[in-house]
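These are the residues of each chain, in order.
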Amino acid sequence: EVKDIEIDFKPAVINILEEEKFKESINRVVAEYTGQVPSVENLTVDRKTRASLNKLITKIETRRKEIKKSINVPYAEFEGWYKKAIAPMEKVIETIDAGIKKIEAEQKESRKKVVHELLVELTTDTEVDSRIFENFVDDWAKSSNFNDIKPKKQLIDSITYVIDGEKQKIAEYKSAKQSISDFCFGNNITSTPYIRMLDSGKTVSEIMAVITEDVLFEKQRKEAEEKRKEAERQRQAELEKQQQEYETRKLEESFNALPS
């Protein structure tokens, strides 16, 4: 054990001589100049007043600083001695602290290795990629989750819970993807753009609504196109009929023009 530091410390005593006379002189100056408002006509005098007052306050402040500096001298000497005296012990503490932190870091790395092994073990034969839980590893590797290097049940349960949640997400995604694919197949359209929407975070109901709108739009587009084509066919047929009638009429006129 290190002996407690024993110091003969006597607080400095500051006696203000003729304190009342000092206060009275301050009050006289304050009373004399309180309410004085500088003016353009009196600017030269006002500047001299400001300079005089600043000179007075500077003189007082200088004395205060001298007293403070004088008081601080013995403490500064003590502080220098103190820091030099405890420096060797601080160095020992730093060495021990560094050693402890090195061991703790190595132990944590060992616990992280166990966590990684648990993740691989618990995700084997599943569609879950154990690497997606890397952000959780540091928290899972806390010493409170282990008995020495053996994982506690609470840790295994926690990891299992998170993995099961990811399994559920995968199952829901596959089900949603299948529903979208089946709906698109039934409407004779490709599912690719709608699967991308699912991957971007849209819900199945939102995507189904988009598909329904797209199918209706395409149906209306095709109907409009078919009507346009039918109108074009009818127009063309009418033109051909008119052309045929014109040619027949011309032929009749030519025949009638022959001499009898």
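Higher on the page you've got the structure.
Residues numbered from 1 in each chain as written. Predicted model: local features only at pLDDT ≥ 70, side-chain atom pairs only at ≥ 80, totals over all residues. Heavy atoms only, no water.

This part is about the packing of helix 1 (residues 19–33) against helix 2 (residues 43–123). As a packed pair, helix 1 and helix 2 sit with axes 12 Å apart at the nearest point and diverge in direction by 160 degrees. Of the possible angle classes, the one that applies to helix 1 and helix 2 is roughly antiparallel. Here helix 1 runs over helix 2; the crossing is left-handed. The residues of helix 2 that touch helix 1, namely those facing Phe22, Ile26, Val29 and Tyr33, are Thr49, Leu53 and Ile60. Grouping the constituent residues of the contact of helix 1 with helix 2 by class yields six nonpolar, one polar and no charged. (Axes fitted to C-alpha atoms, helices over the stretch in contact; angles between N-to-C directions. Helix = DSSP H or I, 4+ residues; strand = E, 2+ residues; numbered from the N terminus. Parallel < 35°, antiparallel > 145°, perpendicular 65-115°, else oblique. Left-handed = near helix turned anticlockwise from the far one by under 90°. Contact = heavy atoms within 4.5 Å. Nonpolar A, V, L, I, M, F, W, Y, C, P; charged D, E, K, R; others polar.)

For the largest pocket, the calculated volume is near 680 Å³. Taken together, 20 residues form the lining of the largest pocket, with Phe22, Ser25, Ile26, Leu56 and Ile60 sitting closest to its centre. Looking at the lining of the largest pocket, the elements that each hand over two or more residues are helix 1 and helix 2. Within the lining of the largest pocket, the residues separate by chemical class into 13 nonpolar, two polar and five charged. Reported here for the second largest pocket is a volume of approximately 240 Å³. Together, Ile7, Asp8, Phe9, Lys10, Ala12, Ile71, Pro74, Tyr75 and Phe78 line the second largest pocket. (1 Å grid on protein atoms, 1.4 Å probe; cavity = no way out; pocket = protein on both sides within 12 Å on 5 of 7 lines; lining within 4 Å. Points joined across faces, edges and corners; volume = space filled by probe spheres on them.)

All right, on to unusual backbone geometry then. With a phi angle near 65 degrees, aspartate 148 is a residue other than glycine that sits in the positive phi range. In this structure, aspartate 148 sits in the loop between strand 1 (146–147) and strand 2 (150–151). A relative accessible area of 72% places aspartate 148 in the exposed class. Positive phi, normally seen in glycine, also occurs at asparagine 188, with a value near 60 degrees. Note on asparagine 188: relative accessible area 72%, which makes it exposed. (Buried < 20%, exposed > 50% of the residue type's maximum accessible area, 1.4 Å probe, protein only.)

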